[in-house]
Amino acid sequence: MKIDNSLPLEYSTEENRLKIFGFWIFLGAEIALFATLFATYFVLVDGTGNGPTGEHLFKLPTLMFQTIFLLTSSFTIGLGINAMRLGRQKATIGFFIITLILGLGFLGVEIYEFVEYVHEGATIQTSAFLSSLFTLLGTHGAHVTLGLFWGTFIIMQIKKRGMTPETTNKAFIFSLYWHFLDVVWIFIFSFVYLKGMM
């Protein structure tokens, strides 16, 4: 395995560069998935039947907590990758742990929000609007949950093996995934919640 020391460690081998390229292709498929879910939501948004509307359900405080948690986690994962490129293993692990704690906070607020919806009679079977909303939010939440497990395994690998071309490549790819989830959340925040509250 030939290592190019002129590049950051995560890009330092041909295999690593191909893995990063392959992950960008995977993110293209993820964009198609979320684009389909958004399109479905926009088609069904007015199909509320006798159920509550977004204006009735969406609450700014929970929305702001979720947004702060997730956008801050995007910043901390960036700091983690910067620390990784400087060869600071402890700082990298520390920022990754903070990122995962913020992700867990986001999920906790989302679960609380779902429970509140159900208490108000808003379930996935109540209306077309709610089924598309729960599917979109649930898919994003499932991706965050997967990210929490994935990030935990990467932290364990860095602790065990140190900063190698392999572990830094995995950490960098994970950071791309996490940033992608944040971008999706910005679209959910803007076009689902804010639009729904107007």
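Under an unreviewed UniProt entry, the name given to the protein chain is Quinol oxidase subunit 3, and the source organism is Peribacillus simplex. As recorded by UniProt, the Sequence similarities (unreviewed entry) comment attached to the protein chain reads in full: "Belongs to the cytochrome c oxidase subunit 3 family."

### Things to note about the pattern of salt bridges
Tallying each qualifying case throughout the model produces five salt bridges. As a salt-bridge pair, Glu15 and Lys19 come within 3.0 Å of each other at their nearest N and O atoms. Separated by four residues within a single helix, Glu15 and Lys19 lie in helix H1 (residues 14–44), roughly one turn from each other. A relative accessible area of 44% means that Glu15 is categorised as partly exposed. Salt-bridge contacts for Lys170 lead to Glu166; the nearest nitrogen and oxygen are separated by 3.8 Å. Placement of the pair is Lys170 and Glu166 together in helix H6 (residues 165–197), with a separation of four residues, close to one helical turn. Linked by salt bridges that have partners in common, Arg161, Glu166 and Lys170 make up one network.

### Remarks on the side chain of Gln66
Looking at the secondary structure, you find Gln66 in helix H3 (residues 60–85). According to the relative accessible area criterion, Gln66 is buried, its value standing at 0%. When neighbours within four sequence positions are excluded, Gln66 is seen to be in contact with Phe106, Val109, Glu110, Glu113, Trp185 and Tyr193.

### Comments concerning the UniProt feature "transmembrane region" (unreviewed entry) in the protein chain
Feature annotation in UniProt places "transmembrane region" (unreviewed entry) on residues 21–43, 63–81, 93–112, 132–155 and 176–194, given in this structure's numbering. The annotated region residues 21–43 carries 100% helix and 0% strand content, and the separation between its end C-alpha atoms amounts to 33 Å. Taken end to end, residues 93–112 is 100% helix and 0% strand, and its two terminal C-alpha atoms sit 29 Å from one another.

### A short note on the environment of Arg88
Relative to the assigned elements, Arg88 resides in the loop between H3 and helix H4 (89–119). Taking relative accessible area as the criterion, Arg88 reaches 52% and is therefore assigned exposed. Those residues within four positions of Arg88 in sequence are excluded, and the remaining contacts are Ala83 and Met163.

### Things to note about the nonpolar core
In this structure, Phe58, Leu133 and Ile188 are the most contacted members of the largest nonpolar core, which totals 47 residues. Here this core takes 15 residues from H6, the largest share from any one element.

### Thoughts on the side chain of Thr76
Position of Thr76 relative to the elements: it lies in helix H3. Looking at Thr76, its side chain comes within polar contact range of the side chain of Thr99, at 2.7 Å. Once residues lying within four places of it in the same chain are set aside, the contact partners of Thr76 are Phe95, Ile98, Thr99 and Leu102.

What counts and how
- Residues numbered from 1 in each chain as written.
- Predicted model: local features only at pLDDT ≥ 70, side-chain atom pairs only at ≥ 80, totals over all residues.
- Heavy atoms only, no water.
- UniProt positions renumbered as here; feature names shortened; annotations may be inferred.
- Salt bridge = Lys/Arg side-chain N within 4 Å of Asp/Glu carboxyl O.
- Helix = DSSP H or I, 4+ residues; strand = E, 2+ residues; numbered from the N terminus.
- Buried < 20%, exposed > 50% of the residue type's maximum accessible area, 1.4 Å probe, protein only.
- Contact = heavy atoms within 4.5 Å.
- Core = buried A, V, L, I, M, F, W, Y, C linked by side-chain atoms within 4.5 Å.
- Polar contact = N/O pair within 3.5 Å; in protein donor to acceptor, adjacent residues only side chain to side chain.

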